[in-house]
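# Examining the three-dimensional arrangement
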Amino acid sequence: MASNPPGSCCNLGTLHEGTPSGQDIKIAGTIDGYLATAPEDKAHKNTAILYLPDVFGIWQNSKLMADAFAEKGYTTLVVDLFDGDTVPFNKEGFDFNAWRLNHTTDHVDPIVLKAIQHLKDAGVTKIAAVGYCFGAKYVVRHYKSGINVGYLGHPSFVEEAELAAITGPLAIAAAETDSIFTTELRHKSEEILIATKQHYQINLYSSVAHGFAVRGNKENKIEKYAKEQAFLQAVTFFDNFPF
């Protein structure tokens, strides 16, 4: 493993305030999506972000983040990777092991492929992808399917062979306290990324834990800063590695 499987820390966090401004859509007629469209005067031509979410899927925080990416010029599509079977928010004792049996690569890969095709059918020729926690694995897995550049926030469940197979630039935002993307696994990931010969970046954010980039407490000054910087890390990486 380059990062461990999702665990109990993956369904804890803070719900963020705001009013999403994008639209709910259907992908391939059956898959839920949320589309945040970049303003015409800011939009990167023929370019979009595929947002592969954490275990909460399409929810308040992911919608607001998609809107923020759109404001930076990247039309963003959030995809429901779970057919509506998302993890309950802040529920203690949730059985992740049982839940994961219904959300294996056999279930999720076809959804990601349909989302990529949806973007291509809309005229997108350059696909950046962001993956948070659960979604990170599927960014790494789908460079081969059309993803050109990727960003991972506190990744989970990534296999070493999957990471070694990337064919484009990759950035990672890591938390100092993380039982899933541990220090040891982060260092192992660095070794693998060096060997790929691809452009890469790993930023380590102190005094925060797994989930901070999506679910950090914005009332906490340190967590708010780390969340905002992790977002800008993704935007700046995409801005500076043409794809």
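Preceding this section is the structure that the text describes.
An account of the accompanying structure is given in this report. All figures in this text were calculated on a predicted structure; none of them were measured in a lab.

Here the focus is the environment of Ile 192. Along the chain, Ile 192 falls in helix α6 (residues 183-196). The class of Ile 192 is buried, set by a relative accessible area of 11%. In sequence terms Ile 192 and Glu 160 are 32 residues apart; their C-alpha atoms lie 7.5 Å from each other. Contact partners of Ile 192, with chain neighbours within four places excluded, come to Glu 160, Leu 163 and Ala 164.

This brings us to unusual backbone geometry. Backbone geometry at Ala 28 places phi at a positive 55°, although glycine is not the residue there. Relative to the assigned elements, Ala 28 resides in the loop between β1 (23-27) and β2 (31-36). Accessibility expressed as a relative area gives 54% for Ala 28, which makes it exposed.

Along β2, five of the six residues are buried, which leaves the element largely enclosed by surrounding structure. Pairing geometry for β1 and β2, over five bridges, is antiparallel. In the strand pairing of β2, Asp 24 is matched with Tyr 34. Count of turn residues in the β1/β2 antiparallel hairpin: three residues, of which Ala 28 carries a positive phi of about 55°. By the bridge criterion, four bridges tie β2 to strand β4 (residues 75-79) in an arrangement that is antiparallel.

Further remarks concern the packing of aromatic side chains. Evaluation of the coordinates by the stated rule reveals 13 aromatic pairs. Considering the side-chain rings of Trp 99 and Phe 134, the 5.8 Å spacing of their centres and the 70° angle between planes classify their relative orientation as edge-to-face. In this pair, Trp 99 is assigned in helix α2 (residues 96-100) and Phe 134 in the loop between β5 (126-132) and α4 (136-141), connecting sequence segments 35 residues apart. Residue class for Trp 99 comes out buried when judged on its relative accessible area of 4%.

Cut-offs used in this document
- Residues numbered from 1 in each chain as written.
- Predicted model: local features only at pLDDT ≥ 70, side-chain atom pairs only at ≥ 80, totals over all residues.
- Heavy atoms only, no water.
- Helix = DSSP H or I, 4+ residues; strand = E, 2+ residues; numbered from the N terminus.
- Buried < 20%, exposed > 50% of the residue type's maximum accessible area, 1.4 Å probe, protein only.
- Contact = heavy atoms within 4.5 Å.
- Pairing = 2+ DSSP bridges.
- Phe/Tyr/Trp six-rings, centres within 6.5 Å; stacked < 30°, edge-to-face > 60°.

These figures capture arrangement, not role.
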